[in-house]
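# Results of the structural survey
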Amino acid sequence: MRLSRSIFVKFLAAQLPVFLLLLAVGLHYLSEARIYAGQEQMGARLGAQAGRVAGMLADLDLQGEIEVANKLVSLLMSDRAVACVEIRENGVRMSEISAPRRIGCKGAATTQFTDVPIGQDGGRELRLGVSTAEIDQIRNEARDFGWLIVSVSLALACIAGSFAFQAVVAQPLHRLLAAIHKIAQTGEFAPLATRARDELGVVMSSFNDMQEALREERRRVLEARDRLDHLYNATPTLLFTMDDQGRLTSVSDYALEAIGFGRDTIMGQPVSLLLAPRSRAAFQTLVLERLRQNQAVRDAPFEIIRRDGRAIEVLLSAAADERAGAAPDFVCVMTDVTHLRVVERQLRELALTDYLTKLPNRVGMAERMRLLTAASSEARGLSAVMLIDLDNFKFINDAYGHEAGDALLVEASRRIRTSLRPGDMAARLGGDEFAIVCSGLQSRREAKEIARRVIEALSEAVDLGDKIGFVGASVGIAFAEAAFDSDALIKQADEAMYEAKFNGKNGFAVFGRPARRGKTSADANDASDSENSRAA
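What counts as what
- Residues numbered from 1 in each chain as written.
- Predicted model: local features only at pLDDT ≥ 70, side-chain atom pairs only at ≥ 80, totals over all residues.
- Heavy atoms only, no water.
- Helix = DSSP H or I, 4+ residues; strand = E, 2+ residues; numbered from the N terminus.
- Buried < 20%, exposed > 50% of the residue type's maximum accessible area, 1.4 Å probe, protein only.
- Pairing = 2+ DSSP bridges.
- Polar contact = N/O pair within 3.5 Å; in protein donor to acceptor, adjacent residues only side chain to side chain.
- Expected span 1.5 Å × (residues − 1).
- Arc of directions from axis to C-beta.
- Phe/Tyr/Trp six-rings, centres within 6.5 Å; stacked < 30°, edge-to-face > 60°.
- Axes fitted to C-alpha atoms, helices over the stretch in contact; angles between N-to-C directions.
- Contact = heavy atoms within 4.5 Å.
- Salt bridge = Lys/Arg side-chain N within 4 Å of Asp/Glu carboxyl O.
- pLDDT = per-residue confidence, 0-100.
- Core = buried A, V, L, I, M, F, W, Y, C linked by side-chain atoms within 4.5 Å.
- Parallel < 35°, antiparallel > 145°, perpendicular 65-115°, else oblique.
- Nonpolar A, V, L, I, M, F, W, Y, C, P; charged D, E, K, R; others polar.

### A closer look at the overall build of the protein chain
Of the regular secondary structure elements, the protein chain holds 15 helices and 17 strands. The proportion of buried residues among the 536 residues of the protein chain is 38%.

Structure representation (structure tokens):
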């Protein structure tokens with residue numbers, strides 16, 4: 001209603017000057033017409049009275065009948081418009097016949113004179129001094145009447161304008177504003193009923209059209225929002241948003257189910273609380289710092305801890321929400337790669353492990369040699385590579401069959417493992433050939449002791465079900481210098497192994513030293529440590 005009053009005041013302010021101007025012009029003409037009519041009426045009245053008196057005076061002897069003449073002149077003074085009367089003869093006032101008596105129009109407050117001839121000779125005339133008081137009164141009455149008309153007209157115009165404004169403008173405008181307010185408060189559309197074809201009716205009709213268009217647009221937006229909300233919550237990946245401090249601002253239903261927490265429990269909490277302790281520092285540097293610099297994050301590996309304590313390996317990708325005017329917010333996607341990592345480890349294990357003996361295979365040994373080569377000489381200490389070839393295995397495999405051969409290889413791998421120190425690695429290179437990698441040896445003698453234990457373990461009888469198998473082992477040893485090539489070291493161990501076979505099998509040889517039998521007496525073994533080296 002305040003807006004309606006404001007518009008009405010502006011409407012009056014715009015219309016009243018024109019209305020008042022037109023009214024003033026009309027009243028001016030009416031006043032002038034009334035004054036003119038009053039003047040005409042007064043002139044006709046005074047003319048008729050003066051004519052009759054002049055006719056009577058023409059019949060008198062003015063010198064002898066002065067009293068009669070004065071009485072006739074006094075009759076004219078009864079008219080309020082007459083201020084004075086005198087008779088002039090040849091332009092000279094006759095003081096004996098005048099009104100007021102003996103004064104006439106001398107000094108009378110008159111504004112105009114009217115002369116009426118007396119008789120036919122033209123020498124005498126009756127002069128009337130006419131007062132404008134009557135005309136002034138008519139003018140004042142016209143002015144007062146005009147002000148009255150203006151006031152009444154203005155009041156009536158305001159009242160009529162108010163009713164017309166309420167009916168034509170205020171009420172439709174109030175309905176329009178009420179509909180707008182309802183939409184703003186509740187979001188509900190309120191069509192307006194309008195039959196008018198004026199400008200305001202066109203506005204209200206356009207408002208209805210706009211509401212219909214907005215209703216349709218709102219329906220599409222709500223459908224799109226519901227669809228996006230469904231996709232956000234149902235997409236089988238961990239979706240969430242966080243602020244620039246790393247606090248959760250939204251979490252998808254799928255993510256909540258995957259981590260086992262309730263929405264109320266983790267909303268507003270730092271994302272780092274869900275991460276494994278070893279991942280938290282990396283999250284701060286690899287994710288938050290990059291996002292604050294408006295850099296996207298791609299497939300950063302992290303580990304999160306479910307509510308039940310189980311770890312989940314994920315890849316995190318994130319980007320900043322770049323909506324104008326929006327608070328800093330980051331959209332994050334975590335892809336659960338736990339099963340993928342398990343499969344990768346399984347595939348890696350298959351790639352690095354011998355399927356029969358479960359020992360590392362040739363590739364696994366190469367990986368160990370790569371790590372050994374990369375380590376500093378201080379870290380790895382004295383290192384050695386031993387190559388083992390089973391003696392007489394081909395006879396067992398051919399005589400007893402492949403199943404017996406496989407069983408013997410499995411048992412041989414077990415005996416080799418039990419002969420090693422913690423941290424040493426045994427590998428099957430293929431067929432009946434095995435390898436051992438040792439680091440951190442105290443002396444070369446320690447490596448030779450390991451070789452003796454392996455030979456002794458493999459020389460014992462092997463139970464093959466209904467058969468007994470006997471094999472031996474030829475071992476070649478190569479020691480790593482300060483800097484070495486892994487392929488060259490393996491080749492040296494291989495040459496030493498063939499020397500051990502050449503010298504009677506079931507013994508070991510050190511690259512650069514003569515071979516010794518693995519099952520000699522203790523004295524013989526001690527002697528082997530002190531023998532001069534020779535080319536293998």
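### Examining the pairing of strand β1 (residues 82-89)
Where burial is concerned, most of β1 is hidden: six out of the eight residues are buried. In the sheet, β1 pairs with strand β4 (residues 124-130) via seven bridges, with the strands oriented antiparallel. Paired with E89 across the bridge in β4 is R124. Linking β1 back to strand β2 (residues 92-99) in an antiparallel pair, the connection comprises two residues, with N90 at a positive phi of about 55°.

### Let's talk about the side chain of R415
Looking at the secondary structure, you find R415 in helix α12 (residues 402-418). Of the polar contacts made by the side chain of R415, one reaches the backbone oxygen of E460; its length is 2.9 Å.

### What to know about helix α9 (residues 362-374)
Counting along an α-helix, one turn takes 3.6 residues, and residues three or four places apart therefore face a common direction. With 13 residues, α9 extends 18 Å between its outermost C-alpha atoms, agreeing within 8% with the 18 Å of an ideal straight helix rising 1.5 Å per residue. Looking at α9, one finds that the buried residues are G364, M365, M369 and L372. The buried residues of α9 occupy an angular sector of 140° when the element is viewed end-on, so they sit on one face.

### Quick word on the packing of aromatic side chains
Each pair of aromatic rings is reported with the distance of its centres and the angle of its planes. Within this structure, the stated rule accounts for one aromatic pair. Relative to F302, the ring of F283 has its centre 6.0 Å away and its plane inclined at 75°; by these criteria the two rings are edge-to-face. With F283 in helix α7 (residues 277-292) and F302 in strand β7 (residues 297-305), the pair connects residues that are 19 residues apart, well separated along the chain. Comparing F283 with F302 shows no difference in burial state: the two are buried.

### Regarding the sheet that holds strand β3 (residues 112-118)
Within a sheet, neighbouring strands are paired by backbone hydrogen bonds and run either parallel or antiparallel to one another. On the basis of which strands lie adjacent, the open sheet formed by four strands has the order β2-β1-β4-β3 and antiparallel pairing. Edge positions in the sheet fall to β2 and β3, since each of these pairs with one other strand and no more. This sheet shows a mean twist of 30° between the axes of neighbouring strands, independent of strand direction. Summarising the sheet, β3 and β4 pair through seven bridges and their orientation is antiparallel. Among the inter-strand pairings, F113 is bridged to a residue of β4, identified as G129. Contacts from helix α2 (residues 66-77) reach β1, β2 and β4, with the element oriented near 75° to β2.

### Observations regarding the pattern of salt bridges
This model, assessed by the stated rule, comprises 27 salt bridges. One continuous salt-bridge network, built from bridges that share partners, spans E216, E217, R219, R220 and E223.

### Digging into unusual backbone geometry
Backbone geometry places D299, a non-glycine residue, at a positive phi of 50°. Counting through the fold element by element, D299 comes out in strand β7. Positive phi values are uncommon outside glycine, yet N392 reaches one of about 65°. Counting through the fold element by element, N392 comes out in the loop between β10 (382-391) and α11 (393-400).

### A look at the sheet that holds β7
Pairing in this open sheet of five strands is antiparallel, and the strands run β6-β5-β9-β8-β7 from one edge to the other. Of all the strands in the sheet, just β6 (248-251) and β7 have a single pairing partner and so form its edges. Pairwise comparison of adjacent strand axes, ignoring direction, gives a mean angle of 30° for this sheet. Here β7 pairs with strand β8 (residues 311-320) via seven bridges, running antiparallel. Each residue of the ladder has a partner; that of I305, found in β8, is A311. Against the sheet, α7 engages β5 (238-243), β7, β8 and β9 (329-336), with an angle of about 150° to β7. Strand contacts of helix α8 (residues 338-352): β8 and β9, with the helix running at about 125° to β8, the strand carrying the most contacts.

### So, the confidence of the model for the protein chain
Keep in mind that low pLDDT regions are not for reading the predicted coordinates in detail. Per-residue confidence for the protein chain averages 81 on the pLDDT scale, and 87% of its residues sit at or above 70. The model gives residues 517-536 a pLDDT under 50, and that stretch makes 38 contacts with residues more than four places away or in other chains.

### Looking at the nonpolar core
Counting residues in hydrophobic clusters, the biggest one holds 34 residues, and the most contacted among them are M386, I388 and I477. Of all the elements in the fold, those that place two or more residues in this core are β10, α11, α12, β12 (433-441), α13 (444-459), β15 (472-480) and β16 (507-510). Setting aside chain neighbours within four positions, we find I477 in contact with A384, V385, M386, A447, K448, A451, A493, A496, F508, A509, V510 and F511. Within the second largest apolar cluster, 28 residues are counted, among which are L238, A318, C332 and M334.

### So, the packing of α11 against α12
A pair of packed helices can be characterised by two numbers: the angle between their axes and the separation between those axes. For the pair α11 and α12, interaxial distance at closest approach is 6 Å and the crossing angle is 140°. As judged from the angle between their axes, α11 and α12 are oblique. Touching F393, I396, N397 and Y400 of α11 are H402, A404, G405, L408 and L409, all from α12. A breakdown of the residues in the contact of α11 with α12 according to their chemical character gives six nonpolar, three polar and no charged.

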